[in-house]
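One-letter residues, chain by chain:
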Amino acid sequence: MTTDRKHIKVTYSSLGSPDPLLHDYYEEDVTTARANLGGTYPMYINGEWRDGEKTFAKYSPIDTNLVIGHFSHGSRQDVDDAVAAAKAAYPTWRDTPWLERLSYLRRVADLISERLFQMAAVVSLEVGKNRLEAIGEVEETADLIRYCIQAMEENDGFIKQLASETEKHHNRSVLKPYGVWGVISPFNFPCALSGGPAGAALIAGNTVVHKPADDAPLTAVLLAQCFHDAGLPPGVYNMVTGGDEPGKALVANNDIDGITFTGSYDVGMSILRKFSTQTGYMRPVIAEMGGKNPVIITKNANLEKAAYGVMRSAFGLTGQKCSACSRVYVDNEVKEVFTQILVDITEKIKVGDPTERETFMGPIINGTAYRAYRRYARELADQGDVLTGGTTLEIGDGYYVAPTVVDNLPDNHALWTEEMFAPIVVLGGYDDIDEAMKKANHIDLGLTAGFYSEDKAEIDWFLSHIEAGVVYVNRESGATTGAWPGYQAFGGWKGSTGSGKAAGSYYYLQQYMREQSHTIVD
Ligand code: UN1
């Protein structure tokens, strides 16, 4: 690796016209990462690297012959040891002055930024994310941590003086950590949705046990290395890889005081239920549980802008973002023109190896998702019209599928409401805009939503009626995706969330703390 690299500050917006050096750095690190694939990697428990008794192999979705590495299959004992280590480390970490905690976490964020391209290369190889999105995600992780650092500073450690009854009374409100915090993260944002919540929990004074997704264990190891190299005391951050077992063991462990889960609605709801009944009192659950995100396009929209926004959000990361756009309601007066533009630009998408500069869409994550895509494509072709896509693609031995646009699907079809996590978008025409809004809102999920209209009154109407946590109007770079910490608060409504508070927002960090009121009388 070149040692004297120029610092390039990345956000999803700066990636629109990136510094050419960014490509050089990324390519250099992809070459190195490819050459080093296939190693055996441990877990991180109590400040030590521990090999599990069993291992599992992780293959790349880009080419199923490519072994990313062999990873520890964490057992219940490993999880219980990690929780015990976190519990033992908690009192000292809690009592560490918050400014000192911030300097540890600032080091973690800086290490992530320093290793930006190295980690992004692994994200691409491991989950099939294209280069710009992978680079963006890794830097987003550092920024999620920095955002929480800033929140802690701006709020002076969340110690607030309150009014006093008399001169002798000294009252204040203090936010304090809970204890041991579990983080269960998904494959699609393996860095941001691990480092973001773990960073917040640690800044707040909790200790952490992290269980990453089976499909993204190497990113988790690299992240654990950042926590380790930042010099965090043993037990403060722990990471256990493996299948379902360590995740279940984490949820079953009553020494976990709070948990952040990002993943499916069904798993999120089951964690929520267990957490509220397993112990004598409720414990906090921060959950982000998916979306079925709608876009409404009126006859007053700039259709070109709308088509690009929908295309980017429906097919970015192969449709596997919780924030992906999967339903579009478009005024029948402009539907034909809009559909034509969308189909044209969809057919120009370059699908292939995500580490290649021109590739927009990499493979789908694994064999199960690949087979599910085929099943969805069949069902959609049976009942609706597949305007483009609907097929798997023969590109080497990878899990490649075509971006798919579907029209004329009956209103009562299950795939109008089921989250597919695949590059499939379904179009519906409307004559009455109130009907379109009803359809957009009628499901249990409410994560993101988009709107296209150049009419100010229509925009106000949309903003006051839509039931979603993250909404975008006339955004060409993404109709429903691409929130950045500090720019967009990212969190859902209804079944998409547990708390109604978003990540990368003013209100996020407070969720990792509980309030204590102090009254001291002279
Ligand atoms: C997710 O898809 O699980 O706004 C999170 C976005 C990303 C976050 C997506 N920042 O698309």
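Structure first, text after, so check above.
Each chain has its residues counted from 1, running along the sequence as written. Per-residue local features are limited, in this predicted model, to residues with pLDDT of at least 70; the limit for side-chain atom pairs, both in listing and counting, is 80 or more; totals at the level of whole chains, interfaces and linings are taken over all residues. Each side-chain value is worked out from all heavy atoms of the structure, with water and hydrogens disregarded.

**Quick look at the state of the cysteines**
Each disulfide consists of a covalent bond between the sulfur atoms of two cysteine residues.
Here is step 1 of the chain: In this description, the term disulfide denotes a pair of cysteine sulfurs within 2.5 Å. Tallying each qualifying case throughout the model produces 0 disulfides.
Here is step 2 of the chain: With no disulfide of its own, Cys148 has Cys191 as its nearest cysteine by sulfur position, at a separation of 15 Å.
Here is step 3 of the chain: Exposure classes here rest on a 1.4 Å probe applied to the protein chains alone. A residue is buried below 20% of its type maximum, exposed above 50%, and partly exposed in between. Residue class for Cys148 comes out buried when judged on its relative accessible area of 4%.
Here is step 4 of the chain: In this structure Cys325 is not part of a disulfide, and its nearest cysteine sulfur, from Cys322, lies 14 Å away.

**Some points on the packing of helix H3 (residues 98-114) against helix H7 (residues 217-229)**
Here is step 1 of the chain: Packing of H3 against H7 leaves a shortest axis separation of 8 Å and a crossing angle of 135 degrees. Between H3 and H7, the interaxial angle falls into the category oblique. Judged by the twist between their axes, the crossing of H3 over H7 is right-handed. Listed contacts from H7 to Leu105, Val108, Leu111 and Ile112 of H3 are Leu223, Cys226, Phe227 and Asp229.
Here is step 2 of the chain: The nonpolar class holds Ala, Val, Leu, Ile, Met, Phe, Trp, Tyr, Cys and Pro. Asp, Glu, Lys and Arg form the charged class, and all remaining residues, Gly among them, are polar. For the contact of H3 with H7, the per-class residue count stands at 7 nonpolar, no polar and 1 charged. Helix axes use the C-alpha atoms of the stretch in contact, all axes being lines fitted to C-alpha atoms, and the angles between their N-to-C directions lie in the range 0 to 180 degrees. Only DSSP runs of H or I with at least four residues qualify as helices, and only runs of E with at least two residues qualify as strands; both kinds are numbered from the N terminus onward. An angle counts as roughly parallel when it lies under 35 degrees, as roughly antiparallel when it exceeds 145, as roughly perpendicular when it falls between 65 and 115, and as oblique in every other case. We call a crossing left-handed when the near helix sits turned anticlockwise from the far one by less than a right angle, and right-handed when that turn is clockwise. Contact criterion: two residues are considered in contact whenever any of their non-hydrogen atoms come within 4.5 Å of each other.

**Considering empty space enclosed by the protein**
Here is step 1 of the chain: The distinction between a cavity and a pocket rests on a 1 Å grid over the protein atoms alone: a 1.4 Å probe fits inside a cavity but cannot get out, while a pocket stays open yet meets protein on both sides within 12 Å along at least five of seven lines, and a residue with an atom within 4 Å of a point counts as lining. Grid points are joined across faces, edges and corners, and a volume is the space filled by probe spheres set on the points. Taken as a whole, this structure holds 2 cavities of 30 Å³ or more when the rule is applied.
Here is step 2 of the chain: Of the voids in this model, the largest cavity is the one considered here, and its volume is about 90 Å³.
Here is step 3 of the chain: If you trace the largest cavity, you find 14 residues lining it, with Gly319, Ala324, Ser326, Phe421 and Ala422 closest to the centre.
Here is step 4 of the chain: The residue inventory of the lining of the largest cavity, partitioned by class, reads 7 nonpolar, 4 polar and 3 charged.
Here is step 5 of the chain: In this model, the second largest cavity occupies a volume close to 40 Å³.
Here is step 6 of the chain: Surrounding the second largest cavity, Pro294, Arg327, Ala440, Asn441, Leu445, Gly446, Leu447, Thr448, Ala449, Ile466, Glu467 and Ala468 form its lining.
Here is step 7 of the chain: Residue assignment for the lining of the second largest cavity shows that the elements contributing at least two residues are helix H13 (433-441), strand S20 (445-446) and strand S21 (448-452).

**Here we look at unusual backbone geometry**
Here is step 1 of the chain: Positioned with a positive phi, Leu317 is a non-glycine residue whose angle comes to about 50 degrees.
Here is step 2 of the chain: Position of Leu317 relative to the elements: it lies in the loop between helix H10 (303-315) and strand S14 (325-331).

**A word on the pairing of S14**
Note on strand geometry: in a regular strand, side chains alternate between the two faces of the sheet.
Here is step 1 of the chain: Within S14, 7 of the 7 residues are buried, which leaves the element mostly enclosed by the surrounding structure.
Here is step 2 of the chain: Across 5 bridges, the pairing between strand S13 (residues 293-297) and S14 is parallel. From the neighbouring strand, Pro294 faces S14, where its bridge partner is Arg327.
Here is step 3 of the chain: The definition of a right-handed crossover adopted here requires that, viewed with the strands pointing away, the path from the first strand over the helix to the second runs clockwise. With H10 bridging S13 and the parallel S14, this β-α-β connection has right-handed handedness.
Here is step 4 of the chain: Bridge analysis of S14 against strand S19 (residues 424-430) gives 5 bridges, and the strand direction is parallel. Bridging across to S19, Asp331 finds its partner in Tyr430. By definition, two strands form a pair when at least two bridges between them are found by DSSP.

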